[in-house]
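Here is how the chains run, residue by residue.
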Amino acid sequence: MPPKSSSSKEKNIAEEDEVLQAVILADSFNKRFKPLTVGKPRCLLPICNATLLDWTFESLALAGVQEIFVICRSYADKVKAAIRDSKWSKPSSGIKIVPIVTAKETFSPGDAMRDIYTHQIITSDFVLVTGDLVSNVRIDEVVRAHKERRRTNKDAIMTMVVKESGAAHRTRSRGESGVYVLDPETSECLHYEPVVGYPPKSQVSIPREILAEHPEVEIRNDFIDCSIDVCSVEVPSLFQDNFDYGDIRRDFVHGVLASDLLMKNIYCYVAKDGYAARVADTRSYDAVSKDILSRWTFPLHLRGNKYIAKDNSVVLSRTCKIGNNTLIGSHTTISENASVHASVIGQRCTIGRGAVLRDAYVFDDTHIGAGCVVEGSIVGARVRLGDGARVPTGCLIADDVVLGEGARLRKFERLSKRRAASKQAEIDGSEGDDENEEDDDSELEDVEAHQEEAPQIVGKSSNALVWPRGSPDDEEELDEREAYTNLRLMRIGDPASDLELSDAGSTTSASETETESEFSALSRTSSRTSASGPSLSLAAADPSAGDASTIHKLSSAAAETEFRSEVAQSLERAFDEGHSVENAAVELKTLRMASNVPLRRVREAVVGALVDRVPLVPGDAAAQRLEIAKMVRRWGPLVDKIGGVDAVETVEALQYHCAGAGPRQGLFAQVLAALYQQDLVEEDDIRAWHRSAAARGEGLKEGSPLADGVRKCWVVGAKMIEQFDDDESEEESESGSGEDESEEEEAPAAKAAPAKGEPESEESEESEESESEAETASEGSEGSEENVPPAKAAPSTSSATAPAAPAASSGPSQAAKPAHSASTSVPAVPKTASAGATKAENLESSSSSEADGDSEEGDSS
């Protein structure tokens, strides 16, 4: 059959000769970078001193794309000029770049796709990307897989490129993502559900028909959407047929998969290798910049940890400090004692004497004055910062802004240049043929109308406009992705720790750990793409398993160090900014799940932060008690809200932290008493802790400072338990009206004693041991009568001090525990106000004498 063979060969040759086309959507269709994008499109913003559009061109060139159509509406003349000046437009690049200016009515990606259909520029399968893409993924392999699939299924119209990631991956958007329901065998996307970051979404709806037709599916919420799609030639026509398709994912993909009429298929390509991310907001701008400087985007990067132009035009003072992951453009000058860390400095910039730049992004031709501080912010081109100006985290300063000397910006401030009077008159007298300039000018007019606070912020001789903060007036009309609270999740430097980002059903019960482990095991077995499933068998079969184990240990240690640092920063923000306990707990839960660390580590961090945050009041025990009570009353509940209640573990964490905390070791007794007052720790918990091997310091190196500190805290605990026993015996002697009643009360107590699981002989031995150690530890305090604990044989002493409790402590601490008389038995009697305060003072006084005795003994030795 020669004719058939000939036609088939001709068809293969025709496919090989097909030009691989790509379409770039240059417009962003949102205002997330305002005011940096006043007067220019987002795709022309520089990242690591090259425009986003150039990074996108390079990503496509790496994939072998030969013809690129740039679809632009906003600032089309500037986009054309950038294309003309780009190195990728030169004949030697082998790429043909064609700008396509869309109609003024193009307000969404769907409108742009309909315009593509109108121009009839697409002749074969094509690559669809956005103008803010940074990628080294081999898109040609995705195209090849898409075409192979099309040979057998003509209804396969799109292949979406995604990458797996952890929940805390810095290039993963916190403000918008999606849930993908996949066929594990073919990677066909059966259902897509868009998800916004705030308000958080606790559930998604999957059509029942999908579960009926597919016995096994993967439900994935761990994908980074690379915004790289390989589309068939009929995709633009589908947009043309349905004007409801506005967004590529939320409308088109969701709509096509949900339609019973179209009968089209969309697939996912899970990229295992390579890097791909969008610069879709200021938070991702920061993340992608750091990834480029850290060489994750190889070969799309410069080499080295400090990137300094090699044309010998950069001037660095001998006393300046340049940190790692820093890029300095040509013809830039860094003055004496200036410090630049993890920042990107553009070309022809001047950094003044003593200036500090940390995680800052400075565009070309900008001057940073002497003594300025810029942290975690983006500073536009041709900006002038006066001497001593402060630019804190999250600020955006547009091109040509001038800040006065000593300017003090607030966090997340946005500034743009005030319009000149001549410019305003020109605009008022013209018809304004450029719609983009009209939009910018109308927005600037609104900003100019609210400048009451500007002079105090921007300093003298400034030309800056301070943009409004908070939610806009027309927020109800905006897409939920562009709502103010959701945008906070996508702006640079904003942890959004005050937002409730977990669903209402995420409360932790005692069985949460088991539930989590069961779900984790289920997800590993059902997900064919997860690498965590076979890790154990691979390690066992690998002869270099020892090296792998060592690397794993080092990696785990680094991860735990990073976790501790993040927890410390989270707690510091919560304390300084006055977050609610619930919001602080949510952020700590999120960190724990993202870092996959035991709950005990979080509890230790919280307890340690409480102790370290208490102000020390030397020589004034009453004032010290007040400070501790205030701290525990405000933040103590956080210990139990981080996920599960374990009071014994809490006391142990307190013991070990105080044991190694030097001057704060003496706070152990008072903090423990305050926790007891707030019902965070009960008497039985203290007794159970005291009996444990960890409380005795077993396993610690004998004679080490930590072992000594742990032992001292254990002795203090013994005195507390002795005080509990005194109170219990005192109550029994006072509550009985005669010997018969006493015997009746002692009978149930005797029956209940074995239920505690401890033989009487062991308790007596333990008591004798703790008493002897307590006497040894308190030798140094013999001369101080006010620190001597109440004698066990003199219950009248503690009852005599009961009326003094309200005077010694202020109102809040008096009502901490309910009472009944001078001394109470904690398990047997309801707690009331005055007796509770008395008990706290007795516990603290008995234990503080131990601590004082230890310290005096150490001084004398």
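Residues numbered from 1 in each chain as written. Predicted model: local features only at pLDDT ≥ 70, side-chain atom pairs only at ≥ 80, totals over all residues. Heavy atoms only, no water.

1. Describing the overall build of the protein
- Per the secondary structure count, the protein includes 31 helices and 33 strands.
- Considering the protein as a whole, with its 861 residues, one finds that 46% of them fall into the buried category.
- Of the contacts formed within the protein by residues at least 6 apart in sequence, a portion of 61% connects residues at least 24 apart.
- For the protein, the exposed surface amounts to about 41,500 Å²; the carbon and sulfur share of it is 51%. (Helix = DSSP H or I, 4+ residues; strand = E, 2+ residues; numbered from the N terminus. Buried < 20%, exposed > 50% of the residue type's maximum accessible area, 1.4 Å probe, protein only. Contact = heavy atoms within 4.5 Å. Areas by Shrake-Rupley, 256 points an atom, 1.4 Å probe, with all protein chains shown as cover.)

2. Topic: the packing of helix H18 (residues 599-613) against helix H21 (residues 647-659)
- Following both chains from N to C, one finds H18 and H21 inclined at 55°, their axes separated by 9 Å at the closest point. Here H18 is positioned oblique relative to H21, judged by the angle of their axes. For the pair H18 and H21, the crossing hand works out as right-handed. When H18 is examined against H21, the residues Arg600, Arg603, Glu604, Val607, Gly608, Val611 and Asp612 are found in contact with a partner set consisting of Glu649, Thr650, Glu652, Ala653, Leu654, His657 and Cys658.
- Split by residue class, the contact of H18 with H21 holds five nonpolar, three polar and six charged. (Axes fitted to C-alpha atoms, helices over the stretch in contact; angles between N-to-C directions. Parallel < 35°, antiparallel > 145°, perpendicular 65-115°, else oblique. Left-handed = near helix turned anticlockwise from the far one by under 90°. Nonpolar A, V, L, I, M, F, W, Y, C, P; charged D, E, K, R; others polar.)

3. Considerations on the packing of H21 against helix H22 (residues 668-677)
- The interhelical angle for the contact between H21 and H22, taken along N-to-C directions, is 160°, at an axis separation of 10 Å. Accordingly, the angle class assigned to the pair H21 and H22 is roughly antiparallel. Taken as a pair, H21 and H22 cross one another with a handedness that is right-handed. Facing Thr650, Val651, Leu654, Gln655 and Cys658 of H21, the residues of H22 in contact are Phe668, Val671, Leu672 and Leu675.
- Considered class by class, the residues forming the contact of H21 with H22 number seven nonpolar, two polar and no charged.

4. Description of the nonpolar core
- Core analysis: the biggest nonpolar cluster contains 51 residues, and Trp635, Leu638 and Leu654 have the highest contact counts within it.
- Discounting chain neighbours no more than four positions away, the residues touching leucine 654 are Val607, Val611, Phe668, Val671, Leu672 and Leu675. (Core = buried A, V, L, I, M, F, W, Y, C linked by side-chain atoms within 4.5 Å.)

5. Focus: the pattern of salt bridges
- Within this structure, the stated rule accounts for 50 salt bridges.
- Two residues, arginine 170 and aspartate 291, come together in a salt bridge whose shortest N-O distance is 2.7 Å. With arginine 170 in the loop between strand S8 (156-164) and strand S9 (176-182) and aspartate 291 in helix H9 (residues 282-293), the pair connects residues that are 121 residues apart, well separated along the chain.
- Take arginine 170: its relative accessible area is 34%, and that puts it in the partly exposed class.
- A salt bridge links arginine 488 to aspartate 494, with the shortest nitrogen-to-oxygen separation between them at 2.9 Å.
- A residue is classified by how much of its surface remains accessible, and arginine 488, at 12% relative accessible area, is buried.
- Each member of the salt-bridge network shares a partner with another, and the members are Arg32, Glu176, Asp247, Asp479, Arg481 and Glu482. (Salt bridge = Lys/Arg side-chain N within 4 Å of Asp/Glu carboxyl O.)

6. With respect to the pairing of strand S6 (residues 126-130)
- For S6, the tally of buried residues reaches five of five residues, placing the bulk of the element in the interior.
- Both faces of S6 are covered, namely the face carrying Phe126, Leu128 and Thr130 and the face carrying Val127 and Val129.
- Where strand S1 (residues 21-25) lies against S6, five bridges are found, and the strand directions are parallel. Opposite leucine 25, over in S6, you have threonine 130 as the bridge partner.
- Relative to strand S12 (residues 223-231), S6 runs antiparallel, the two sharing four bridges. Paired with phenylalanine 126 across the bridge in S12 is cysteine 231. (Pairing = 2+ DSSP bridges.)

7. Comments concerning the state of the cysteines
- Scanning the entire structure with this criterion turns up zero disulfides.
- Cysteine cysteine 713 shares no disulfide, and the gap to the nearest cysteine sulfur, in cysteine 658, comes to 5.8 Å.
- For cysteine 713, a relative accessible area of 2% gives the class buried. (Disulfide = S-S within 2.5 Å.)

8. Comments concerning helix H8 (residues 248-258)
- The element H8 is largely enclosed, with a buried count of eight among its eleven residues.
- For H8, every residue scored as buried is listed here: Ile248, Arg249, Arg250, Phe252, Val253, Gly255, Val256 and Leu257.
- In this structure aspartate 247 caps H8, since a side-chain oxygen of it lies 3.0 Å from the backbone nitrogen of arginine 249. (Polar contact = N/O pair within 3.5 Å; in protein donor to acceptor, adjacent residues only side chain to side chain.)

9. What about the packing of aromatic side chains?
- Evaluation of the coordinates by the stated rule reveals ten aromatic pairs.
- Centre to centre, the rings of phenylalanine 33 and tyrosine 285 are 6.3 Å apart; their planes meet at 70°, and the pair counts as edge-to-face. Residue phenylalanine 33 is found in the loop between S1 and strand S2 (46-47), and its partner tyrosine 285 is found in helix H9; the two are separated by 252 residues along the sequence. Side by side, phenylalanine 33 and tyrosine 285 carry an identical accessibility label, which is buried.
- Geometrically, the ring pair formed by tyrosine 180 and phenylalanine 223 is edge-to-face, given 5.4 Å between the ring centres and 65° between the ring planes. Residue tyrosine 180 is located in strand S9, and its partner phenylalanine 223 is located in strand S12; the two are separated by 43 residues in the primary sequence. With respect to class, tyrosine 180 is no different from phenylalanine 223; both count as buried.
- Three or more aromatic residues joined by ring pairs form one cluster here, namely Phe33, Tyr285 and Tyr361.
- Its guanidinium or amino end placed over the ring of phenylalanine 412, arginine 491 lies 4.0 Å from that ring's centre, counting from NZ or CZ. (Phe/Tyr/Trp six-rings, centres within 6.5 Å; stacked < 30°, edge-to-face > 60°. Lys NZ or Arg CZ within 6 Å of the ring centre and 35° of its normal.)

10. Structural notes on H9
- For H9, built from twelve residues, the straight-helix expectation of 16 Å at 1.5 Å per residue is met to within 8% by its first-to-last C-alpha distance of 17 Å.
- Extensive coverage of H9 is indicated by the burial of eleven of its twelve residues.
- Two to three positions downstream of the cap, the backbone nitrogen of arginine 283 sits 3.3 Å from a side-chain oxygen, assigning the N-cap of H9 to aspartate 281.
- Of the residues trailing H9, arginine 295 is marked for its positive phi of about 70°. (Expected span 1.5 Å × (residues − 1).)

11. Observations regarding the sheet that holds strand S11 (residues 218-220)
- One open sheet accounts for ten strands, arranged S5-S4-S1-S6-S12-S8-S13-S10-S9-S11; its pairing is mixed. Only two strands of the sheet have a single partner each, and these edge strands are strand S5 (96-101) and S11. Neighbour-to-neighbour, the strand axes of the sheet open up by a mean angle of 30°, direction not taken into account.
- Strand direction decides the pairing type here: strand S10 (residues 188-196) and strand S13 (residues 265-270), joined by two bridges, are antiparallel. Note on S13: the bridge partner recorded for cysteine 189 is isoleucine 266.
- Here helix H3 (residues 76-85) sits on the sheet in contact with strand S4 (67-72) and S5, set at roughly 175° to S5.

12. Description of unusual backbone geometry
- For the bond from lysine 34 to proline 35, the omega torsion is 5°, close enough to zero to count as cis.
- The residue proline 35 is located in the loop between S1 and S2 in this model.
- A cis amide bond links tyrosine 198 to the next residue, proline 199, at an omega of 0°.
- With respect to the secondary-structure elements, proline 199 resides in the loop between S10 and helix H6 (208-213).
- Notably, histidine 331 is not glycine yet its phi reads approximately 60°, a positive angle.
- Mapped onto the elements, histidine 331 comes out in the loop between strand S18 (326-328) and strand S19 (333-334).
- Overall, histidine 331 belongs to the partly exposed group, its relative accessible area being 48%.
- Residues other than glycine seldom take positive phi values, yet arginine 348 does so here, at roughly 60°.

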